[in-house]
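# Overview (structure and organization)
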Amino acid sequence: MTGVYTVSQINAYIRKLFVRDFALSNICIAGEVSNCKYHTAGHIYFTLKDEGASISCVMFASAREGLSFRLMDGQKVEARGQISVYERSGTYQLYAKGIRLSGQGELFERFQKLKEELREMGMFDEMYKKPIPKYVRSIGIVTAPTGAAIRDICNIAHRRNPYTKLILYPALVQGENAKESIVRGIRELDGLGLDVLIVGRGGGSIEDLWAFNEEEVARAIFDAETPIVSAVGHETDFTIADFVADLRAPTPSAAAEQCTFLFDDFEQELISKQDMLYSALQRKLNDRRQRLEHRRLSLLRHDPKSQLMERRRRMEELRRSMKAAVLGKLRETKMRRDACGFDLYSLIRAKLKVRKQEFRALSGRLDLSSPLKRISGGYGYLSDEEGRPVRSIDSVKVGSRLRTRLKDGSFSSSVISIEKE
C-alpha cells in the first residue's frame, strides 16, 4: 500500500488547508451559546449552535478585550474569529477574537462610542463622585411603580430601617419616552433635599436597558447635587449610568442595602455612645468637683479669718506642746534632783562616816598629846593675858598676870618674883 500517512501528518495537512482558506481566517458566526465555561486561566470555552448543528469555540484570555459583557448559556451572539484545527484531537473550532449579542451590534457600537466620549470629558472621574451618607434618612427612587425593583427596594429598606423615608418618582424605564421620564424624575427628586437617590430598574436585554445608556440621563445624573446610586439590571449588566453615578449597585436590592443602615445596630451604637458620653461626663464632673474642692480649700487657706483661726490653733498646739515639754522637763529635773539628792545624801553620809572615823583617829591622837592629859597628872598649863602659852621664864615679868589651867579648872595669878635656873 502506497501513500500511508500518520494521523499527525493528516491533521497538520488539514490545518494548513484551513489556514489557507481566506473565508475561514476572518469569519463571523451567529448562534446560541451553550456549555459556556470560564477557565481559571481566563480562557472561555463554549459552543455555538443553531437548529441543525453546533461548533466548538474558544476565546483566549488575550482576546478578552473583545468581550464587553459576560458570556452565558442561552445568549444569541455573533462571534468573529478564525476557524482552525486543533491537531491533538483532530477537531476544528472557532478561535473567537470578538463577540457581540446578535442583532445588537449597532447598539453596542453606540454604547462604546458614548462611553469613550463621556470618559474623555471626565464624567467618570472619581474626583466628581459624591460620598453616600452613612446614615441615610430619606431616599428618592426613580424607577417603574410596578415590578420587582421597587418591591425589593421597599422590602429591604423596611427590614433594615423602618424609619427610612422613601419617595418614589414613577418613571418610564423602557421605551421611546423613558429617557425623558428618568431625567424628569432625577431633577424633581434632586430638588427635594433628600439624602440619596436610587436610579434603576430590573434586568432585561440591552434594548430594555437602553434608556440608561442615553447621554441625557448621564448628564442629569452628573449634574445632580444629591448623591446617586445606579441600580440597573443584574450584576453582569453595565450601563452608562453605572459609570456616571456616584456609586454603582449590582442590583436594586443591593442598592437598598448600600443606602440604608441597620437601625438595630444604629440603636445599639447610640446606646454605646450614650454610655461612653455619660462616663466621659461623669469623669469630667468628678474632675471639676475635685478642682472646685481644691480651689475651695485653697481659698479657705488664704482667707484671713481662716488663717487667724489656723494660727490660733497652731498657737494652742504650741502652748500645749510647750506646757507638756515644760512639765516633762520639770518631772525630769525633779527626778534628777531627787536622784542627785539621794546620791548627795548617800555621799554625805559616806563622807561623814569617813570624817567621823578620821575625827576619832585624830581625837585619839590629840588626846594622847593634849595638855589636859598631862595636867591630869599634876601639871598645869600657863598662858599670858593674850592666851599665848608661857614656855620660858624669859617671857614673863614681875607683875605679869598669868592664867593657869588645871585638870578641873583654871585660876589667875600675878608674878611676884622670878627665879631663873
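Everything numeric here is computed off the predicted structure, so don't read it as measured data. (Residues numbered from 1 in each chain as written. Predicted model: local features only at pLDDT ≥ 70, side-chain atom pairs only at ≥ 80, totals over all residues. Heavy atoms only, no water.)

Most of strand β9 (residues 228-232) is tucked away, with five of its five residues classed as buried. Covered by surrounding structure in β9 are Ile228, Ser230 and Val232 together with Val229 and Ala231, the residues of both alternating faces. In this structure, strand β8 (residues 196-201) lies alongside β9, joined through five bridges in parallel fashion. Within β9, the position partnered with Gly200 by the bridge is Ala231. Read from β8 through helix α6 (residues 215-223) to β9, the crossover connection turns out right-handed. Note: β9 against strand β10 (residues 247-248), two bridges, orientation parallel. (Buried < 20%, exposed > 50% of the residue type's maximum accessible area, 1.4 Å probe, protein only. Helix = DSSP H or I, 4+ residues; strand = E, 2+ residues; numbered from the N terminus. Pairing = 2+ DSSP bridges. Right-handed = clockwise from strand over helix to strand, strands pointing away.)

Before going further, it helps to spend a moment on the pattern of salt bridges. In the structure shown here, the tally under the stated rule is 15 salt bridges. Between Arg313 and Glu317 there is a salt bridge, with the nearest N and O atoms lying 2.5 Å from each other. In this pair, Arg313 and Glu317 are both assigned in helix α10 (residues 304-369), four residues apart and thus about one turn of the helix distant. Residue classification places Arg313 among the partly exposed positions, given a relative accessible area of 38%. We classify Glu317 as partly exposed; its relative accessible area is 33%. (Salt bridge = Lys/Arg side-chain N within 4 Å of Asp/Glu carboxyl O.)

Before going further, it helps to examine the sheet that holds strand β11 (residues 381-383). In a beta sheet, neighbouring strands are held together by backbone hydrogen bonds and run either parallel or antiparallel to one another. Ordered by their spatial adjacency, three strands build an open sheet running β11-β12-β13, and the pairing between neighbours is antiparallel. Two strands in the sheet have a free side with no partner beyond their single neighbour: β11 and β13 (410-414). Going across the sheet, the axis of each strand differs from the next one's by a mean of 25°, ignoring polarity. Sheet topology note: the β11/strand β12 (residues 401-405) ladder contains three bridges and is antiparallel. Note on β12: the bridge partner recorded for Tyr381 is Arg405. (Axes fitted to C-alpha atoms, helices over the stretch in contact; angles between N-to-C directions.)

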